[in-house]
Amino acid sequence: MLTNVSEYFRPQTVEEAYELMQNDKEHSIFLSGGTIVALMKSSRIEKVIDLKSLRLDTVSVTEDEIVVGATTTVESFRKDPVIRKKFGEFFYEAFSLVGSWQIRNMATIGGSIAPKLGWSDVSTCLLVTGSSLIIYGVDGYQRMLISDYFSLPAGEKPLITHVILKRDGWFSAFEKFSKTTFDVATVNAGLSIRPEQGRIKAARVVCGSRPQYPARFESVESAMVDLEINEVMPSIVRSLVYESFVGGSNMTASFEYRKHLALVLAQRAAEKLKGMIE
Amino acid sequence: MRIAFTVNGRLHGLEIEPGEYLLEVLRRIGYKSVRRSCGSASCGTCTVLLNGKPILSCSTFAASVDGQNIETVEGMADGDKLHPIQEAILEEGAAQCGYCIPAVVMTGEALLRENPDPTDEDIRLALNGNLCRCTGYEAQNRAIKKAAGVMRGETDE
């Protein structure tokens, strides 16, 4: 039990939820799937704001985008027919590596991004697919890149309401290394490329659990442009990641170990992409 | 605060603390098959079905299940007649100390409702969040496979 929790709110609107947070930011927390909040064991938390009552758990399609409600669970997302139609097996397979079945039934898409967790596989996959967020904050609703959301000051606590996905001819692959099948990643890596006439027209390269939160490696991305998509390409990607890897050490792994894992994972992801495009 | 939810079809209305977990509340009202172990969403022994989907009761706020449906292993048997998954676990020797078994049964039940004819890989993936320190999992996987056949009516009970 979180012993200091004295109030549990079920707001009916996004605005109400945000106001509740603003009333006492220091002692309040948004609850989405609950897998993070319930495990925080923090005596600081006195007010829980349950976002499930906002019914932000649907997946809808506009003319050129997929709009995913932030409280959609990871498992519902990976199995959603619209997502599978637009992204093939990418999210279905990548998100099968997120936690256990039980955790995926609880964890939500928005809740996986909001706490800015270094090891979030969800964040890595959404970054590498070029997804963006709709948040509700001091300026009302706002569209924002995930990387910009990660850069917000810690004191700002906007509410993520939706995740916006596009595909636009990109191919994506994800690889993860963890100590057990449902443990958090020691390192994860995502790779997306947009091919054109057998060459890479554009690329996205993301590493997470470095242990900092997932980030794009833009120097690798620009170096990949115009590379021919052939059997040599994966080993070039491996070398590029080796040269540009930025990370650190913690109790899970050293910087050197992570760097080595990252280049292996990037190479495997590149090999997957080559197989998809050929 | 006051909440109401059903457990195995039976309605419960009760007072809870706002910070209480579902695991604590279920055990308090008598559903002792729901096991407390890691308390950190790691072992799966506290698994129950929430609206038909397996979740971890050790990290679910009780307040969040207000108005929802919970299923535990207490609701699986039909009087003295065990559920096919329970029967198969006995037949395959899939339980030793038995501590993890209620959760394995519930995860298996959720899997078979969603996928009545799972492959060995499907079963392994579904059960990968249910830790068992006794059996090495092979017998549990066989039991789920066997129960699936029984539930499809392909083999004798």
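Residues numbered from 1 in each chain as written. Chains lettered and ligands numbered in written order. Predicted model: local features only at pLDDT ≥ 70, side-chain atom pairs only at ≥ 80, totals over all residues.

Colleague: An account of the overall build of chain B is requested, with residue identities and associated values reported.
Modeller: The secondary structure content of chain B amounts to five helices and five strands. Overall, chain B shows an N-to-C arrangement of helices and strands of β-β-α-β-β-β-α-α-α-α. C-alpha extents for chain B along the principal axes are approximately 50 × 30 × 25 Å. The burial tally for chain B puts 48% of its 157 residues in the buried class. The long-range share in chain B, meaning contacts at least 24 apart out of those at least 6 apart in sequence, stands at 61%. (Helix = DSSP H or I, 4+ residues; strand = E, 2+ residues; numbered from the N terminus. Buried ≥ 20, exposed ≤ 12 C-beta atoms within 10 Å, placed from the backbone. Contact = placed C-beta atoms within 7 Å.)

Colleague: Explain the overall build of chain A to me, and be specific about the residues and the numbers.
Modeller: Regarding its fold elements, chain A presents eleven helices and twelve strands. Its C-alpha atoms give chain A a radius of gyration of 19 Å, near enough to 19 Å, the size a compact globule of 278 residues would have. When burial is assessed residue by residue, chain A has 49% of its 278 residues classed as buried. (Rg over C-alpha atoms; globule rule 2.2 N^0.38 Å.)

Colleague: Summarise the environment of Ile29 of chain A; cite the residues concerned and give the values.
Modeller: Residues and elements named next belong to chain A. Tracing the backbone shows Ile29 in strand 2 (residues 28-31). On the basis of neighbour count, Ile29 is assigned to the buried category, with 20 C-beta atoms found within 10 Å. Sequence spacing of Ile29 and Leu126 is 97 residues, and the spatial spacing of their C-alpha atoms is 24 Å. If near-sequence neighbours (up to four positions away) are discounted, Ile29 is found in contact with Val37, Ile45, Val48 and Ile49.

Colleague: Mind laying out the interface of chain B and chain A, listing which residues take part and the relevant values?
Modeller: Many authors give the size of an interface as the accessible area that is lost as the parts come together. Each partner contributes residues to the interface: chain B has 25 residues there, and chain A has 24 residues. Broken down by secondary-structure element, the contributors of at least two residues to the side of chain B that touches chain A are strand 4 (53-56) and helix 4 (120-126) of chain B. Looking at the side of chain B that touches chain A, the element that brings in the most residues is strand 4 of chain B, giving four residues. Per-class residue counts for the side of chain B that touches chain A are eleven nonpolar, ten polar and four charged. (Nonpolar A, V, L, I, M, F, W, Y, C, P; charged D, E, K, R; others polar.)

Colleague: Describe the domain arrangement of chain B, with residues and values.
Modeller: Residue and element names in this part refer to chain B. Domain annotation for chain B reports domain 1 (2-75) and domain 2 (84-151). Here the C-alpha centroids of domain 1 and domain 2 sit 21 Å apart. With 16 residues of domain 1 at the interface, the matching set in domain 2 holds twelve residues. At three residues, strand 3 (residues 47-50) tops the list of elements feeding residues into the side of domain 1 that touches domain 2. Per-class residue counts for the side of domain 1 that touches domain 2 are seven nonpolar, six polar and three charged. (Domains from an automatic or database assignment.)

Colleague: Describe the domain arrangement of chain A, with residues and values.
Modeller: Residues and elements named next belong to chain A. Splitting chain A by domain gives domain 1 (7-54), domain 2 (59-165) and domain 3 (171-277). For domain 1 and domain 2, the distance between their C-alpha centroids amounts to 19 Å. Taken together, the 14 residues of domain 1 in the interface contact 15 residues of domain 2. Considering each element in turn, the side of domain 1 that touches domain 2 owes the most residues, four residues, to helix 1 (residues 14-23).

Colleague: Please give an account of the sheet that holds strand 1 (residues 2-7) of chain B that cites residues and values.
Modeller: All names here are of chain B. With mixed pairing, five strands are arranged side by side in an open sheet as 2-1-5-3-4. If you trace the sheet from one side to the other, it starts and ends with strand 2 (10-15) and strand 4, each paired once. Between one strand axis and the next, the sheet turns through 40° on average, direction left out of account. Across two bridges, strand 3 lies against strand 5 (residues 69-71) in antiparallel orientation. Across the sheet, Leu50 pairs through a bridge with Ile70, a residue of strand 5. Contacting strand 3, strand 4 and strand 5, helix 3 (residues 101-114) crosses the sheet at an angle of about 35° to strand 3. (Pairing = 2+ DSSP bridges. Axes fitted to C-alpha atoms, helices over the stretch in contact; angles between N-to-C directions.)

Colleague: I'd like a rundown of unusual backbone geometry, residues and numbers included.
Modeller: All names here are of chain A. Of note, the bond from Arg210 into Pro211 is cis; its omega dihedral lies within 30 degrees of zero at 15°. Position of Pro211 relative to the elements: it lies in the loop between strand 11 (199-208) and strand 12 (215-216). Look at Ser209: it is not a glycine, yet its phi comes out positive at around 55°. Checked against the element boundaries, Ser209 lands in the loop between strand 11 and strand 12. On the neighbour-count criterion, Ser209 (30 C-beta atoms within 10 Å) is buried.

Colleague: So what's going on with the nonpolar core? Which residues, and what values?
Modeller: Counting 133 residues, the largest nonpolar core has Leu191, Val241, Ala262 and Ala266 of chain A as the members making the most contacts within it. Residues in contact with Ala266 of chain A, not counting those within four places in the same chain, are Ala189, Leu191, Val205, Val237, Arg238 and Val241 of chain A. (Core = buried A, V, L, I, M, F, W, Y, C linked by C-beta atoms within 7 Å.)

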